[in-house]
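# Summary of the model geometry
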Amino acid sequence: AQSVSQHNHHVILSEAASLELGCNYSYGGTVNLFWYVQYPGQHLQLLLKYFSGDPLVKGIKGFEAEFIKSKFSFNLRKPSVQWSDTAEYFCAVNSGGGADGLTFGKGTHLIIQP
Amino acid sequence: GAVVSQHPSRVICKSGTSVKIECRSLDFQATTMFWYRQFPKQSLMLMATSNEGSKATYEQGVEKDKFLINHASLTLSTLTVTSAHPEDSSFYICSARDLSSSGATREQYFGPGTRLTVT
């Protein structure tokens, strides 16, 4: 069975600070990896995804993530956060074939202070 | 972009009654839809996989007789919570995979969710 671990449950940063949210997964085979964002009162939005190829993926709103297979990690990064990045961030995984539902991490609540 | 809708967005029902939640893919066809449950301030948990024209596949611990899933067409899946109890109160979210998308067949598009409150 797959599992996803997000290390930081609550993160508070000031505007313009750099961000890195950790995500590790547990699965023996090929995986697809995702980061979703959920703004207050809104539905899940896909930030970025990794299926194969270049392990450094760039997403929307200036976010990027790096897949490190040897570490089973897919950390999310942003060089300079904005107040509007305040949201809940979820890392998710499914098996390589992509036919399965997603296994989500517990989420990280990010608060950006002006 | 691919849009998934859910109806209703919020529903309040009395204990013992049944509630139906609809999930629609508006601009694409989806042979597979997924139902998730999200408790307050927690993550999403996959409940079941809904396949058009066949029985749903339920995750371990999810009661199939309580959470009835029907995927009658390529654009509609329904989740019926039968004999609802207060502990069924939660946020129910569906997602759908685009049947025709060649470059992103493994991406799921999420609906806005349905807030169920059982009194």
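The sections below set out a description of the structure shown in this document.

Analysis parameters
Residues numbered from 1 in each chain as written. Chains lettered and ligands numbered in written order. Predicted model: local features only at pLDDT ≥ 70, side-chain atom pairs only at ≥ 80, totals over all residues. Heavy atoms only, no water. Disulfide = S-S within 2.5 Å. Helix = DSSP H or I, 4+ residues; strand = E, 2+ residues; numbered from the N terminus. Buried < 20%, exposed > 50% of the residue type's maximum accessible area, 1.4 Å probe, protein only. Contact = heavy atoms within 4.5 Å. Buried area = accessible area lost by both parts, 1.4 Å probe. Salt bridge = Lys/Arg side-chain N within 4 Å of Asp/Glu carboxyl O. Polar contact = N/O pair within 3.5 Å; in protein donor to acceptor, adjacent residues only side chain to side chain. Nonpolar A, V, L, I, M, F, W, Y, C, P; charged D, E, K, R; others polar. Pairing = 2+ DSSP bridges. Core = buried A, V, L, I, M, F, W, Y, C linked by side-chain atoms within 4.5 Å.

## Considerations on the state of the cysteines
- What the rule picks out here adds up to 2 disulfides over all chains.
- Two residues, Cys23(A) and Cys91(A), share a disulfide whose sulfurs are 1.9 Å apart. One disulfide, between Cys23(A) and Cys91(A), carries an S-S torsion of -65 degrees and so falls in the left-handed class. Linking Cys23(A) in the loop between β3 (19–21) and β4 (24–26) with Cys91(A) in strand β10 (residues 87–95), this pair joins segments that are 68 residues apart in sequence. Side by side, Cys23(A) and Cys91(A) carry an identical accessibility label, which is buried.
- With a sulfur-sulfur separation of 2.0 Å, Cys23(B) is cross-linked through a disulfide to Cys94(B). Residues Cys23(B) and Cys94(B) are joined by a disulfide whose S-S torsion is about 80 degrees; by sign, that bridge is right-handed. Here Cys94(B) lies in strand β9 (residues 90–97) and Cys23(B) lies in strand β3 (residues 19–25), a separation of 71 residues in the sequence.
- According to the relative accessible area criterion, Cys23(B) is buried, its value standing at 0%.
- Of the cysteine sulfurs around Cys13(B), a residue in no disulfide, the closest is that of Cys94(B), at 18 Å.
- Residue Cys13(B) is classed as buried on the basis of its relative accessible area, which comes to 9%.

## Points about the interface of chain A and chain B
- Taken together, the contact pairs 21 residues of chain A with 17 residues of chain B.
- Interface area for chain A against chain B, summed over the two sides, is near 1,500 Å², with a carbon-plus-sulfur share of 55%.
- Ranking the residues of chain A by area buried against chain B places His43(A), Phe51(A) and Phe104(A) at the top, with a combined share of 27%.
- Counting across the interface, chain A meets chain B through 0 salt bridges.
- One can count 5 residue pairs in polar contact (both at pLDDT 80 or more) joining chain A with chain B.
- Those elements that place two or more of their residues in the side of chain A that touches chain B are β5 (31–38), β6 (45–50) and β10 of chain A.
- Tallied by class, the residues present in the side of chain A that touches chain B amount to 9 nonpolar, 9 polar and 3 charged.

## As for the pairing of β5(A)
Residues and elements named next belong to chain A.
- Most of β5 is tucked away, with 8 of its 8 residues classed as buried.
- Residues Val31, Leu33, Trp35 and Val37 of β5 are buried on one face, and the alternating residues Asn32, Phe34, Tyr36 and Gln38, pointing to the opposite face, are buried as well.
- Direction of pairing for β5 relative to β6: antiparallel, over a ladder of 5 bridges. Following the sheet pairing, Tyr36 is matched in β6 by Leu46.

## Considerations on the nonpolar core
- Leu33(A), Trp35(A), Leu47(A), Leu48(A), Phe74(A), Leu76(A) and Tyr89(A) are the most contacted members of the largest nonpolar core, which has 28 residues in total.
- Those elements that place two or more of their residues in this core are β2 (10–14), β3, β5, β6, β8 (64–68), β9 (73–78), β10 and β12 (108–113) of chain A.
- Apart from residues no more than four positions distant in its own chain, Leu48(A) is found in contact with Leu33(A), Phe34(A), Trp35(A), Val57(A), Lys58(A), Gly59(A), Phe63(A), Glu64(A), Ala65(A), Phe74(A) and Leu76(A).
- Membership of the second largest hydrophobic core comes to 24 residues, among which are Cys23(B), Phe28(B), Phe67(B) and Tyr92(B).

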